[in-house]
Amino acid sequence: MTDRTAKLFLNIANIIMSLLFITPLLWMVVSSFKPETQIFADLSSLKALLPLNFTFDNYIAAFDRIPMMKYLFNSLFYVTVTCISGLVVNSICGYALAKLQFKGREFVLMAVIALMIVPFESILMPMYFIVNSLNWVDTWYALIVPFVANCFSIFMFRQFFMDVPNEILESAAIDGSSPMKTFISIVVPLSGPVFATVFILDYINHWGDFMWPILVTTGEALRNIQLGIQTFFTLPPVYYGQIMATLTFTTVPIIILFLMLQKYYVQGITSAGIKG
Amino acid sequence: MQTAWSADEHKIKQASLGRQKRRESVVGYSFIAPSVILLLVFLVLPFMFAFLFGFTKFNLLRPDKIQFIGLDNYKLLFQDNLFYKSLFNTLYFTVIVVPVQSAVALMLALLVNHQLKLRNVYRIAYFSPVVTSMTVIAILWISLYNPNEGLINSALNFFEIPKQPFLRSSDQAMHSIIFMSVWQAAGYQMMIFLAGLQGISKDIYEASSIDGANRFQQLRFITIPSLYNVTVFVLTITTIQAVKLFVQPYIMTNGGPENTTRTLALLIYQQGFQFRNAGYASAISVIFFLIVVFISFSMKKFFRDR
Amino acid sequence: MKKGIITAILAAMLITGCSSGGQTNEAGSEGSSGNAGNEVIELNFWRPQAGEAEDNVYVKRIEEFNKAYEGKIKMKMEVITRGNSFAYEDKINAAVASNTLPDVIAMDGPNIANYAASDIIIPLDEHFTEEDMNDFVPSIVQQGTFKEKFYAPGLNESSVVLFYNKKIMDQYGITPPDKMEDAWTWEEWYDVMKTTAKDGVFGTNMINDKGEWMTYAFEQLWISGGTDLVNDEGTKADGFVNSEQGIEAAAFLQKLANEKLFNIDPKPTEFEEGKAATKLGGPWNIPGFKNYPDLEWGITYFPKKAGGALTAPSGSWAVGVSADSEHPKEAAEAVKWLTNKDSSTELAKAISMPASRKSAFESMAEYNELPLRIIKEQVTTVSNARPVTPAYPVLTQKFAEALIDIMVGADVKKSLDNVADIYDEEFKRNFAE
């Protein structure tokens, strides 16, 4: 197979698969620009995916109903803080579990895997009691601190750091580099893709927070974007146009983030890296 | 003389190795400390409480009347047909979804791990079901699966196959959810595989094509083996996510028809929150936890680290 | 011994939760609520978010309350997100467990018994005169009463009626009844559906959700047949939900589903787009109809069983005083204010839901004419509240699951027997005295 035919084949396969996967997103975006009565009238045909009768009304009405920018800012703020702190805390933990020798390492690793299994529903109430006894209800702490350490992220970092060749680390140690320095100056630069992946997956996870914020926030001040979206489900009749507009609006930051992170998806470890 | 000297050297070496080991231990503990402390307070501690609740009769609205009842919840649980049914459904879903979804994810990752102009568009497309709100996805899939006028039934009609009830049938509901779940979540695992693919050195591919390896040989002998640790990770977390299956059946079938899509997570939610039986729900969580720990550790044993 | 330790740990935890919660509360109200004397008493009020029109009525009525009681009481409202889930109830659960409930809470009608049985809310009988109680429509009193004590009135009521598409009715020469005595029976409604279900049009449209709707709407089929889902005391479901009349009611729904007279997964706008001849719905649907200028609609009564009683669903959000409140008297004042004639009228005018007081209807002329007259007649005379029982969450969930199963073909008797078993077991285990 020549390169050219291979590319053609890949493109065709990708286009077919993409259409199968992107339809809901497309429907959501297109519907957000349609008059209310059109959204479901078009649903049973291909018209559902065509921007007929284009209008901004849904966006205008949606922005009129809730302080969307404020909720968006709140979400961006606490989710970003949570995820960035998470990268720091979880990556060093994952590194220690992958590459450092200490007693109890296997036990901690096992515990991390086991704790991923705990269903959030079963710890929701006890967790609320703990946060409440710390007097954190209605503060940013309640939204951020409990979720910084994350077993999933630790385990993912650990699995990826396993593949970092020991030779690089050993030669750095011989040169007198401290473990933290080795980690920051050698391991981190090699691990762009895993940091990017952990970040985006963690971000999406918290972008959808709903139950927990309702429990720990009462006032308007800390309300996040998901609580804002729920506003549109409470009033009968439910205006699906406005729902689609809000959902589109709240998906945009994630898509932008996703695109921004693409530059980290470049092949990391090269032979040059190993020699260095 | 000679031997004494080397014995000394050996001692010094050992001492320094010991020091190094101790130092490495200290560093190791300090690296894991922040995570471990946070996890202890916000995950282990709440779970211990849940564990204790498992031995009580605890109505969420009556915290003052919490009552220690020993193993009663567990006795009740092992007589509860719904528990066995949910356990079976959960395992059934997991056994099918884990291999299928991981394979689809790997295929997608391989499809977009090339220098294609529209690469980022394809990646967004595959990833989009993960970021699109479940509300939107549920509206669309429920309409696709509509037993009377859905798009899938229209297509079947075209091939003169009779209309199918899909989500509204005890026989088909679980399979409909499995199909939809694979579609919805494969993009998630794709991202992890994609990150793993970046770790494979280009040089190996170049060297192998000089040696005359074709693309399929490269896939078989370079790509797949290099993804070993990543694949272990993907299989583990897919298993864990699969056994926690909640959102799809909650939104699309609420466990029906006739409990054929009731999963353990749904059962815990219903007992703990809707019925407010926090004690009983905690007992289910504990058993659930033990089962999943058993599964993932068997997996871990099976896939040793390389 | 072991028992002692565990109980001690749990108690310690709950107390920690409670005490610090208390502090937060006091800090939140700027220290003015705890102190006795001549200072202004601050009341907190939680209610779930609704549409703007409804939210605005509350804001306005609370402003007026604060003005009327200036220098004495000040009420502060927190609007809690509810969405289409139980998030508001979960928040109440969490607040109960940590003793951080506000003074005044809004709750969905069927929860009143649950909260009353758990001593979360206090009875308000002494604060409402007989005149008040007679002014509330009967279903409000029924819904708010647990073990002969009255806990929580509502500002408004609700109802389910049968909407019909006038054009489709005209096409087949059908005239839906507009007098109570002529209300359609199930069989008459079935004939209408059978006649009209053609060419991509369904005979009727209804929600078949996983939530509250199934019990809210279809319990009435049981009541019309002379039975109910549980006995009057709420202690037993066996022989009620699965009684002969109950099986008949469920079989009727199964027949409609089998013959595909309604779409089990309908688009939300099926009726509005003229794809359904009738629709079981409520006043909340009316504002949406105006987006469809081609739709000509009318209202008729909730269908009854042949020879059975005319009946209709009802239920609403109610307000009550929490047992945690340090100012129950003032909180009761607030509840009275929020549910008096003015509040009820104002809310009924702002949104399309019927009022909870008979006197409020009198000031709204539109309820004397068709189509809204039908709603008024149902609300003020024949409506029934949902079962008053502390095990309601189990009943409604299992009943809804069973009805859906029945609609998609499950055995009617077996499904209803199962509901009875689970309910009776739950009641025995958690609520029997």
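Residues numbered from 1 in each chain as written. Chains lettered and ligands numbered in written order. Predicted model: local features only at pLDDT ≥ 70, side-chain atom pairs only at ≥ 80, totals over all residues.

### Comments concerning the overall build of chain B
If you tally the helices and strands in chain B, you get 13 helices and two strands. Computed over C-alpha atoms, the radius of gyration of chain B comes to 26 Å, more than 25% over the 19 Å expected from 2.2 N^0.38 for 306 residues, which places it beyond the range of a compact globule. With respect to the three principal axes, the spread of C-alpha positions in chain B is 90 × 65 × 30 Å. In chain B, which comprises 306 residues, the share counted as buried stands at 48%. (Helix = DSSP H or I, 4+ residues; strand = E, 2+ residues; numbered from the N terminus. Rg over C-alpha atoms; globule rule 2.2 N^0.38 Å. Buried ≥ 20, exposed ≤ 12 C-beta atoms within 10 Å, placed from the backbone.)

### Points about the nonpolar core
Within the largest apolar cluster, 293 residues are counted, with the highest numbers of intra-cluster contacts made by Met190(B), Phe193(B), Leu403(C) and Tyr423(C). The leading source of residues in this core is helix α7 (residues 173-198) of chain B, at 15 residues. Every residue in contact with Met190(B), bar those within four places of it in the chain, is listed here: Ala105(B), Leu108(B), Ala109(B), Tyr126(B) and Phe127(B). (Core = buried A, V, L, I, M, F, W, Y, C linked by C-beta atoms within 7 Å. Contact = placed C-beta atoms within 7 Å.)

### Re the domain arrangement of chain B
Taken domain by domain, chain B consists of domain 1 (1-53) and domain 2 (68-302). Relative to domain 2 of chain B, the C-alpha centre of domain 1 of chain B lies at a distance of 37 Å. (Domains from an automatic or database assignment.)

### Quick look at the environment of Phe150(C)
Residues and elements named next belong to chain C. Note that Phe150 resides in strand β5 (residues 149-150). As a C-alpha pair, Phe150 and Leu124 span 26 residues in sequence and 5.9 Å in three-dimensional space. Once residues within four sequence positions are removed from consideration, Phe150 is found in contact with Pro123, Leu124, Asp125, Phe128, Val141, Gly144 and Thr145.

### A few points about the interface of chain A and chain B
At the interface, 75 residues of chain A touch 78 residues of chain B. Broken down by secondary-structure element, the contributors of at least two residues to the side of chain A that touches chain B are α1 (3-32), α4 (68-99), α5 (105-115), α6 (120-133), α8 (151-162), α11 (192-207) and α14 (240-261) of chain A. Broken down by element, the side of chain A that touches chain B gets its largest block of residues, 13 residues, from α1(A). Residues that form the side of chain A that touches chain B fall into these classes: 55 nonpolar, 15 polar and five charged. (Nonpolar A, V, L, I, M, F, W, Y, C, P; charged D, E, K, R; others polar.)

### Focus on the domain arrangement of chain C
Residues and elements named next belong to chain C. We note that the domain assignment places domain 1 (31-157 + 316-383) and domain 2 (161-314 + 388-430) within chain C. Between domain 1 and domain 2, the C-alpha centre-to-centre distance is 28 Å. Counting from both sides, the interface comprises 20 residues of domain 1 and, opposite them, 23 residues of domain 2. For the side of domain 1 that touches domain 2, the secondary-structure elements that each account for two or more residues are α4 (111-117), β4 (145-146) and α15 (372-382). In terms of residue count, α15 provides more of the side of domain 1 that touches domain 2 than any other element does, six residues in total.

### Quick look at the sheet that holds strand β2 (residues 73-80) of chain C
Residues and elements named next belong to chain C. Pairing is mixed across the open sheet formed by four strands, whose spatial order is β2-β1-β3-β11. Looking at which strands have only one partner, the edges of the open sheet turn out to be β2 and β11 (317-321). Pairs of neighbouring strands in the sheet enclose a mean axial angle of 25°, with direction left out of account. Pairing between strand β3 (residues 104-108) and β11: five bridges, direction antiparallel. Residue pairing across strands places Val104 opposite Val321, the latter belonging to β11. Sheet strands touched by helix α2 (residues 52-68): β1 (41-48) and β2. Its angle to β2, the strand with the most contacts, is close to 165°. (Pairing = 2+ DSSP bridges. Axes fitted to C-alpha atoms, helices over the stretch in contact; angles between N-to-C directions.)

### A short note on the sheet that holds strand β8 (residues 276-281) of chain C
All names here are of chain C. The strand order across the open sheet built from four strands is β7-β8-β6-β9, with neighbouring strands paired in mixed fashion. The sheet terminates laterally at β7 (202-205) and β9 (297-300), the two strands that pair on one side only. Across the sheet, the mean angle separating the axes of adjacent strands is 25° when strand polarity is ignored. Relative to β9, strand β6 (residues 161-165) runs antiparallel, the two sharing four bridges. Bridge assignment links Phe163 to a residue of β9, and that residue is Ile299.

### Things to note about the pairing of β2(C)
All names here are of chain C. What you see with β2 is a clean split: Ile73, Met75, Met77 and Val79 sit on the buried side and Lys74, Lys76, Glu78 and Ile80 on the side with no burial. Strand direction decides the pairing type here: β1 and β2, joined by eight bridges, are parallel. By the bridge assignment for β2, Arg47 is matched with Val79. Since β1 and β2 lie parallel, the crossover through α2 that links them has a hand, and here it is right-handed. (Right-handed = clockwise from strand over helix to strand, strands pointing away.)

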